[in-house]
Amino acid sequence: MELNNVKETFGAALPDDGTAVDVLIAGAGPSGIALAIDLTRRGVRTLLVERQEHLSPGARGTGVQPRTQEVYDDLGVLDAAFAVGGLYPETARWENGAIADVTQMIERVDPTPDNPYSNGLMVPQFRNLEVLYARLRELGGEVLFRTELTAFDQDSAGVTARLRHADGAERTVRGAYLVATDGGRSTVRRALGLKMSGPELEPVAVLLADVRVDGLDRDHWHRWESPTGGFASLLPLAGTDYFQTMIAGFDGTPDTSPETVRAELAAHTHLDAAQIGEVLWSSLFRPRAGLVDSYRTGRVFLAGDAAHIHSPAGGQGLNTSVQDAYNLGWKLGLVLRHGAPDSLLDTYGTERRPIAESLLDTSTRLHRSRTLERGRDLHQLGIGYPESPLTRELRTDVPEGAPRAGDRAPEAPCTTADGTPTRLFDAFRGPHFTVLDLGGTGVDADALPADPALLRVVRVGGPAPDLIDTGGHIRNAYGSAPAVLLIRPDGYLALAAPPEDVTAQVAAALGAYLGGGADAGAGAGADAGAGAVPAAC
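Residues numbered from 1 in each chain as written. Predicted model: local features only at pLDDT ≥ 70, side-chain atom pairs only at ≥ 80, totals over all residues. Heavy atoms only, no water.

Draft legend 1. Just the pairing of strand β10 (residues 170-180), in detail. Burial runs high along β10: nine of the 11 residues are buried. Pairing of strand β9 (residues 159-165) with β10, which is carried by six bridges, proceeds in the antiparallel orientation. Within β10, the position partnered with L163 by the bridge is R171. Where β9 hands over to β10, the hairpin turn is made up of four residues, of which G168 adopts a positive phi near 95°. Alignment of β10 against strand β19 (residues 300-302), held across three bridges, turns out to be parallel. Residue V179 lies in a different strand from β19, and its bridge partner there is F301. (Buried < 20%, exposed > 50% of the residue type's maximum accessible area, 1.4 Å probe, protein only. Helix = DSSP H or I, 4+ residues; strand = E, 2+ residues; numbered from the N terminus. Pairing = 2+ DSSP bridges.)

Draft legend 2. Geometry of the pairing of strand β5 (residues 98-103). Pairing between strand β4 (residues 90-95) and β5: five bridges, direction antiparallel. Residue pairing across strands places R93 opposite D101, the latter belonging to β5. Hairpin remark: β4 followed by β5, antiparallel, with two residues in the connecting loop; positive phi at N96, about 55°.

Draft legend 3. Main features of helix α11 (residues 502-514). Between the first and last C-alpha of α11 there are 18 Å, a value that for 13 residues agrees with the 18 Å anticipated at 1.5 Å per step. All buried positions along α11 are accounted for by V502, T503, V506, A509, L510, Y513 and L514. The arc enclosing the buried residues of α11, seen along the axis, measures out at 130°, which places them on a common side. Turning to α11, the residues buried within the fold contact α7 (317-338), β21 (392-393), β24 (433-438), β25 (455-460), β27 (483-487) and β28 (493-497). (Expected span 1.5 Å × (residues − 1). Arc of directions from axis to C-beta. Contact = heavy atoms within 4.5 Å.)

Draft legend 4. Molecular detail of empty space enclosed by the protein. Scanning all chains against the criterion turns up four cavities of 30 Å³ or more. Volume-wise, the largest cavity comes out at about 170 Å³. Around the largest cavity, the lining comprises 14 residues; the ones closest to its centre are E70, D74, Y326, F425 and F428. At the level of secondary structure, the elements contributing two or more residues to the lining of the largest cavity comprise α2 (66-75) and α9 (424-428). It is α2 that provides the largest number of residues to the lining of the largest cavity, a total of five residues. (1 Å grid on protein atoms, 1.4 Å probe; cavity = no way out; pocket = protein on both sides within 12 Å on 5 of 7 lines; lining within 4 Å. Points joined across faces, edges and corners; volume = space filled by probe spheres on them.)

Draft legend 5. Expanded view of the pattern of salt bridges. Under the criterion given, the structure shown has 32 salt bridges. In this structure, the salt-bridge partner of D73 is R429, at a minimum N-O distance of 2.7 Å. You can see D73 sitting in helix α2 and its partner R429 sitting in the loop between α9 and β24, a full 356 residues away along the chain. With relative accessibility at 9%, the residue D73 sits in the buried group. For E170, the salt bridge goes to R162, with nearest N and O atoms at 3.4 Å. (Salt bridge = Lys/Arg side-chain N within 4 Å of Asp/Glu carboxyl O.)

Draft legend 6. Focus on α2. Along α2, 10 of the 10 residues are buried, which leaves the element largely enclosed by surrounding structure. Turning to α2, its buried residues number three or more, namely P66, R67, T68, Q69, E70, V71, Y72, D73, D74 and L75. Two residues or fewer after α2 comes G76, characterised by a positive phi angle close to 85°.

Draft legend 7. Looking closely at the nonpolar core. One finds I33, L332 and Y478 to be the most contacted residues of the largest nonpolar core, which totals 114 residues. Considering each element in turn, this core owes the most residues, 10 residues, to α7. Beyond its immediate chain neighbours, meaning those up to four positions away, L332 contacts V23, L39, Y177, V179, F301 and L345. A92, L207, L216 and L234 belong to the second-largest nonpolar core, a separate cluster that totals 17 residues. (Core = buried A, V, L, I, M, F, W, Y, C linked by side-chain atoms within 4.5 Å.)

Everything listed here is a matter of coordinates, which is why it stays silent on function.
This is the structure we're talking about:
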């Protein structure tokens, strides 16, 4: 069974010298491809380069948290992720060749109308990458494999980057912005001279491998503990017939050959080496923790592991990385396609760095405690931006339990005016802002300073509703008081205002995002510092 079957020798031709793009992305991991998807659907000319000849192999990080599932819903990849993923099984702890006890290490949470994706989804990272890459190609995007960013310079108008293909061919590409998603050992970060700082984690080497095992059920996450504090675990990978192996606490530093993987696994479990079959992938991992001081240097941005690295405890790293891309993508789109001021991009680091700092603390705490239980506090649904300079909460009587400005916008099933079932996430999905008019506040869509393609007004209740709250789920999620809410393209409340003077309040809030380009038409600013991009890119 071939699992890592996405391989390109050179998926698209290198652009000619002098070719310009809007955004150059270095590194085709989860954050890089997610960003390319978001930018491509916004009509932003994007070039994504990857020095490897194919997507990274290995199950690696497997958890897709509920908030990331909502992001995937918007990006159009959630159904594909569900098709190749599954829930985490119960954990079986072995002693003396038998299962001693079974526990639910990862808490199961029932879905609710406002939180339909309530459990972590297990998707091996190589599958995750395949799903994201397929979506990018569906949108007309591509990855230039075997292409390495070797050097770059920036000025007030853009970034000039040097690319080298595996055959030695070199080209220069000009971009308005460069985004580094090239991992924890980021070449771009080092070139900028940026350092990472963070807590010290004990220098324990962990052997990771994806293996085929005979004589072991796939209904449990199997775990063996060592008297010296080490452990071995075998997680049945959803959608495959492989197990993800993790071994910590061995003597010395092993190599990662199949023979060593089999020997170490046999030494730390009751399994015989003959039961351990194909070793599909293996790697030696040393947990590290760190956070870069700044997410932006001029026209260069850091995202994902290039900006923050975590212990895998708690399954936060990949999710935080994808959400970095989700935060940055729509802001780049506004600047490059709708004339928003470059200063909007400063809010990327302002909003995302505190999130990474908090999650770094969480993953470090879990790593040191060696606590195995994982609860809903890791789902990232409570993450928000209440302190962001882009956030405006103008209500003085916020209903009990209702989201405030800066919070995630909850889901709610409802119907259209003709009775067709729908949901709020359907209204939010896409690259636009959403004005949610609750209770007929009378917001005047024609008077709002935004390209109509960038703004969708959705009225709930009132004399001419777009949506009917037939089950009361919108009221339960947002409160019953009349209000107008401005939902950002990434699904967070930018503005929450009472019904008085709502058109002016929404217009002012949009001005914080669009600046002087608020009334710019589609495509405004798209050609700044850039020429035409060949179809191959």
